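Structural characterization, general
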Amino acid sequence: MKKRTLLFAWTFILFLTVLVLEIVYTPYDYAGYIQNNNVGEGVAQADRPPIEGPYQVVMVTCEQWQFLFYPHVAGSPTATIVLANIPVLFIVRSMDVTHGFYVNTAGQWASQGFQFGVMAVPGYYDYVVWNFQPTAAAYTSGQSLYHVQCSEYCGVAASGLGHPWMDALIIVVPNNSTGIAMQRQMMDNNTPPILTGTLS
Amino acid sequence: MSSPATETQTTVVDREHDPNPSIGRVIWNIIYSKDYKHFAMKLFCFGMIWLFVAGSFGLALRTQAGFSYTGALLPLGFLGYSTIAYFQMMTYHAVVMFFGTIFTTGFAIAYYAVPLIRGTRKLAVPWLANLGHWMVVFGLYMVIGSNSQYMFTFLIPLKNPASFYIAEAIQFIGDEFLIIALVATAYIDKLPNEKFSLPISFIVMDCVAMGIGIITVESAIIWTILSPLGGFNLQVFSIPNVEVFRAAFWFESHPLVYFGAFLVAGLAIWFAMMYAKRPIYSERMIRYCIAMLFVLTMSVYIHHMAVDPIPLWLRDVFAQVATELIAVPFVIMWTLVLITLKYSKPKWDATLLFLVAAIAGNIVGGATAEPLQPIPAADFTVHNTMWIPGHIHFMMATFTLGSFFAALYYVAPELFGRKLYSQGLAKFHFIGWTVGMGALEAAFKVQGAMGLVRREIVWFSIYEPWFQMAMIGAWLAGLSAVAFIVNMFMTWRFGEPMPPRVLPRWVTIGLALETQSRINEGNHDPNYIYSRIPYPIGLQALPSTELAEPTKELSATKVHESLFGKLIRRVRSYGVTSGSRSSSSDKTIGSNSS
Ligand code: HEM
Ligand SMILES: [Cu+2]
Ligand SMILES: [Cu+2]
């Protein structure tokens with residue numbers, strides 16, 4: 001085999017790898033959330049994903065230096081409660097500068113192992129879908145609390161006031177009568193609406 | 001060398017080396033370098049000053065992070081710093097490392113290498129180059145004094161102080177001047193039959209990409225200045241659309257992040273050939289890589305906006321596909337270099353150690369960069385986590401600066417005309433830098449996977465051990481950088497003088513081996529020249545056991561035969577059947593010495 005053939009083959013293999021990566025990853029990409037994919041994927045998009053429902057919808061407004069959920073826990077706009085196992089559609093926007101809506105599992109990352117996030121850009125809406133699926137044990141051990149943090153530097157005024165201290169809380173409750181009752185009570189009946197049917 | 005030229009040269013030198021120059025003359029000589037070597041030396045000194053300045057900011061940050069996770073300013077508070085100052089230092093660290101250390105040191109190497117390799121020994125448009133340099137210096141000092149805590153302009157509509165925008169505008173115009181002067185230096189006195197050797201091709205490609213890119217960032221910055229964000233209450237333009245602005249910024253910024261790396265990529269390949277004592281496996285393939293890198297470096301920019309609200313097709317083409325593709329030329333380049341080095345029993349001095357570590361850094365940094373783009377490859381989002389500083393430090397510290405160090409250990413002694421002061425210090429530098437930075441990078445990567453957002457001052461205590469590891473690594477790397485600067489200074493002042501050489505060894509050998517690889521591939525045209533300086537057309541560089549068989553051609557195919565075994569057994573005949581063999585004058589290989 002000539003050197004040229006060898007190099008050509010090697011380049012071809014590399015391109016093929018790229019192609020395979022593309023094909024393998026593509027299903028993740030467009031759908032925001034894929035029903036078949038048990039984990040669910042948070043993919044930011046400029047357009048609202050076509051909704052086949054059911055989806056819980058939570059509006060997130062970012063401003064210096066807090067996240068405001070709608071709907072939210074009564075008296076506490078930086079906390080919201082969602083049901084497990086129903087995808088949550090977060091609609092994220094910013095009132096002033098660019099922020100990052102970033103959800104992680106804080107200390108529990110080892111057992112849950114994911115984070116997702118989306119930018120809050122002034123003048124735009126950004127959409128991200130996530131299906132929270134804590135295990136049964138997670139509810140009792142407090143691992144169903146998800147820490148939200150600003151992930152795009154947005155300034156500091158003083159110690160304790162500014163980007164590093166801009167955070168919020170998502171509480172996930174089981175999708176059963178206990179969970180729903182808890183959600184109703186803590187959120188003053190103002191729970192995230194559940195969209196069903198096809199909406200595009 | 002023709003005598004008239006020599007005479008003019010001497011008179012110029014004499015005037016500048018007047019035994020009793022006026023103080024004004026001395027200062028002017030420092031400010032305005034007409035000679036390419038002098039200019040390179042000046043840039044090198046400034047590169048080291050920036051390394052020190054930006055390094056101190058970095059160490060301050062790492063020390064704070066290593067001692068406190070509550071946001072309490074444990075070490076920094078004693079020094080009178082505020083929380084805002086912490087983020088200001090983060091800005092200065094990033095900007096000065098990038099535009100100071102990497103750019104200036106890279107320019108130093110390029111401004112020295114280009115005239116030397118081409119044999120013109122001429123700095124084209126010295127006034128532009130010098131002006132550009134001083135504008136960068138001025139701009140960077142202005143950045144440090146600007147009190148900006150906002151990293152860079154891409155975070156608009158956060159409003160930086162007006163002085164920051166002005167500083168950046170000045171600095172980028174300076175960089176553009178340096179680039180134009182460098183391209184001019186690469187083209188000055190170009191002969192009709194002259195072609196660029198690999199290092200120069202890389203530098204020119206890099207400068208073109210960067211030159212185009214800087215125009216977009218400069219217009220983005222000027223837009224900001226003329227808008228209400230600029231701090232002058234001007235309303236010439238309205239506040240720019242954030243997404244458009246960010247796209248403009250990152251479009252520029254992409255060639256920018258690769259800038260230093262591409263400046264020395266050609267030299268790195270030369271050094272690999274020199275240490276392996278054989279030509280690069282395929283020179284032609286490297287040329288294809290240069291073209292691929294140029295196209296892709298201008299196309300991948302959207303991956304910096306992966307979770308922005310942008311249309312999906314834009315993201316797919318310019319981030320996802322392009323970012324996967326850009327790994328291809330890198331992988332090909334390193335495959336070629338490693339094949340060339342394989343079984344060559346090179347001398348493992350500081351240059352080669354740094355070179356190999358740099359390649360490793362690029363591979364690890366590049367592989368771990370792929371999950372950063374919109375492909376949720378690993379089922380977690382790492383955008384804006386510590387994963388990115390991990391990536392950046394792999395790419396900037398281990399890879400780009402590492403390959404600068406590799407080149408400098410070889411080139412700087414030739415530049416100073418003195419032998420390297422201490423190989424021991426150099427080895428210490430290598431170990432300290434690689435291990436220290438490696439620890440910091442690994443710690444950052446783990447934190448990123450654990451979901452720690454970057455640019456923070458408070459975090460959960462579970463992240464703190466990794467910050468302690470990063471702090472120790474940072475101090476080790478800082479110490480080793482001091483060893484480098486000391487070594488360079490001692491070389492310059494007290495190194496054993498080398499006999500003056502007309503041609504540095506790396507230039508002759510590099511040119512000869514590059515030519516040899518073209519001969520081997522059958523695309524050497526003796527009508528073209530790659531340099532004005534005389535160099536052997538090819539070099540005999542076979543391992544000693546093979547010298548006994550003079551009929552065998554010098555070829556890296558020998559190596560890959562052992563690599564790929566039976567599959568390519570037939571390759572033996574390659575060297576003989578190759579077309580260029582018929583021309584005996586090209587054939588070998590020390591022929592002009594015999
Ligand atoms: C195979 C090669 C490379 C790939 C695939 C790659 C990929 C990426 C990606 C996807 C990001 C975006 C991270 C994010 O914001 O989520 C990024 C950021 C970055 N990369 Fe690379 N990169 C490569 C090589 C390099 C090199 C060679 C350098 C510099 C020498 C570099 C410097 C940077 C810097 C400075 C950033 C951070 C920009 C910021 O502050 O947001 N990268 N890279
Ligand atoms: Cu923020
Ligand atoms: Cu990039």
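Rules used throughout
Think of each chain on its own: its residues are numbered from 1, step by step along the sequence as written. Chain letters start at A and ligand numbers start at 1, both assigned in the order the entries are written. Side-chain atom pairs in this predicted model are given and counted only at pLDDT of 80 or more, local residue features only at pLDDT of at least 70, and totals for whole chains, interfaces and linings cover all residues. In computing side-chain properties, one takes all heavy atoms of the structure into account and sets aside hydrogens as well as water. Water is not part of the atom set, so a site may look incomplete; the donors themselves are N, O and S atoms within 2.8 Å of the metal, or 3.2 Å for Na, K and Ca. For the purposes of this entry, the term helix denotes a DSSP run of H or I that reaches at least four residues, the term strand denotes a run of E that reaches at least two, and both are numbered from the N terminus. The rule is simple: take the accessible area with a 1.4 Å probe, protein chains only, and divide by the maximum for that residue type; under 20% is buried, over 50% is exposed, in between is partly exposed. The cutoff for a nearby residue is simple: one of its non-hydrogen atoms must lie within 4 Å of the molecule or strand. Pairs of N or O atoms within 3.5 Å make up the polar contacts considered here, provided that, within protein, one atom can donate a hydrogen while the other can accept it, and that residues adjacent in sequence are counted only when both atoms are side-chain atoms. All amino acids are sorted into three groups, where Ala, Val, Leu, Ile, Met, Phe, Trp, Tyr, Cys and Pro are nonpolar, Asp, Glu, Lys and Arg are charged, and the leftover types, Gly among them, are polar. By definition, residues are in contact when any of their heavy atoms lie within 4.5 Å. Any coordination sphere not matching a tetrahedral pattern (four donors, all angles between 85 and 135 degrees) or a square planar or octahedral pattern (four or six donors, opposite donors over 155 degrees apart, other angles between 65 and 115) is reported as irregular. To obtain an axis, a line is fitted to C-alpha atoms, over the contacting stretch when the element is a helix, and the angle between two such axes runs from 0 to 180 degrees between their N-to-C directions. Angular relationships are summarised with four words: roughly parallel below 35 degrees, roughly antiparallel beyond 145, roughly perpendicular across 65 to 115, and oblique for the angles in between. Each crossing is labelled by how the near helix is turned from the far one, with a counterclockwise turn of less than a right angle marking it left-handed and a clockwise turn marking it right-handed. Where each domain starts and ends comes from a domain assignment, either automatic or drawn from a database. Buried surface area refers to the total accessible area, computed with a probe of radius 1.4 Å, that the two partners give up upon joining, counted for both partners together. What pLDDT expresses is the predictor's confidence in each residue, scored from 0 to 100.

**Looking at the coordination of the copper ion (ligand 3)**
Residue and element names in this part refer to chain B. Binding of the copper ion (ligand 3) to the protein goes through His254 (NE2), His303 (NE2) and His304 (NE2), at separations of 1.9 to 2.1 Å. Each donor residue of the copper ion (ligand 3) lies on the same chain, and together they follow the pattern H-x48-H-H. Taken as a pair, the copper ion (ligand 3) and the iron atom of ligand 1 lie 3.9 Å from each other. With His254 in helix H9 (residues 242-276) and His303 in the loop between helix H10 (283-297) and helix H11 (312-341), this residue pair connects regions lying 49 residues apart in the sequence. The buried category is assigned to His303, whose relative accessible area is 15%.

**Description of the site of ligand 1**
Residue and element names in this part refer to chain B. If you check the shell around ligand 1, you find 22 residues, and the closest are Val257, His383, His391, Met396 and Arg454. His391 places a side-chain nitrogen or oxygen 2.8 Å from a nitrogen atom of ligand 1. Within the contact set of ligand 1, an oxygen atom lies 2.9 Å away from a side-chain nitrogen or oxygen of Arg454. Listed by contribution, the elements that provide at least two residues to the shell around ligand 1 are H9, H11, helix H12 (350-369) and helix H13 (387-416). Grouping the amino acids of the shell around ligand 1 by side-chain chemistry returns 11 nonpolar, eight polar and three charged.

**A short note on the side chain of His429(B)**
Residue and element names in this part refer to chain B. When you line up the elements, His429 lands in helix H14 (residues 423-449). A polar contact of 2.7 Å, which involves the side chain of His429, links it to the side chain of Tyr409. Excluding residues within four positions of it along the chain, His429 makes contact with Phe354, Phe405, Tyr409, Ser480, Ala481 and Phe484.

**Some points on the coordination of the copper ion (ligand 2)**
All names here are of chain A. At 2.0 to 2.4 Å from the copper ion (ligand 2) lie its protein donor atoms, namely Cys150 (SG), Glu152 (O), Cys154 (SG) and His163 (ND1). Around the copper ion (ligand 2) sit four donor atoms, and with donor-metal-donor angles ranging over 91 to 126 degrees the site reads as tetrahedral. Within one chain, the residues serving as donors to the copper ion (ligand 2) are arranged as C-x1-E-x1-C-x8-H. Comparing Cys150 with Cys154, the two get one shared label, buried.

**Looking at the side chain of Ser144(A)**
Relative to the assigned elements, Ser144(A) resides in the loop between helix H3 (136-141) and strand E8 (145-150). In this view, Ser144(A) contacts Pro134(A), Ala138(A), Tyr139(A), Ile170(A), Ile171(A) and Val172(A); residues no more than four positions away in its chain are not counted.

**With respect to the packing of helix H5 (residues 83-118) of chain B against helix H16 (residues 505-521) of chain B**
Residue and element names in this part refer to chain B. Where H5 contacts H16, the two axes come as close as 10 Å, and the packing angle between them is 60 degrees. When the axes of H5 and H16 are compared, the pair comes out oblique. Along this stretch, H5 crosses H16, giving a crossing that reads as right-handed. Residue-level contacts link Tyr112, Ala113, Leu116 and Ile117 of H5 to Trp506, Val507 and Leu511 of H16. Residues that form the contact of H5 with H16 fall into these classes: seven nonpolar, no polar and no charged.

**Observations concerning the domain arrangement of chain B**
Where interface size is given, it is often the accessible area lost as the parts come together that is meant. All names here are of chain B. Examined at the domain level, chain B breaks down into domain 1 (34-194), domain 2 (258-345 + 501-573) and domain 3 (349-498). Computed from C-alpha coordinates alone, the two centres of domain 1 and domain 3 are separated by 18 Å. Overall, the association of domain 1 and domain 3 removes approximately 2,900 Å² of surface from exposure, summing both partners, and the carbon and sulfur fraction of that is 81%. Where the side of domain 1 that touches domain 3 is concerned, the elements lending two or more residues are helix H3 (36-67) and H5. Of the residues belonging to the side of domain 1 that touches domain 3, the class tally is 19 nonpolar, 11 polar and two charged.

**What to know about the confidence of the model for chain B**
Residue and element names in this part refer to chain B. Per-residue pLDDT for chain B averages 80, and the proportion of residues at 70 or more is 84%. Here helix H18 (residues 574-577) stands out as the element of chain B with the lowest mean pLDDT, 36, in contrast to helix H6 (residues 126-144), whose mean of 93 is the highest. Here residues 1-14 is a poorly scored stretch, pLDDT under 50, and it has one contact once near neighbours within four places are set aside; other chains count. In the predicted structure, residues 375-379 sits below a pLDDT of 50 and forms 13 contacts with residues beyond four places in sequence or in another chain. As a predicted assembly, this complex carries a pTM of 0.84 together with an ipTM value of 0.83.

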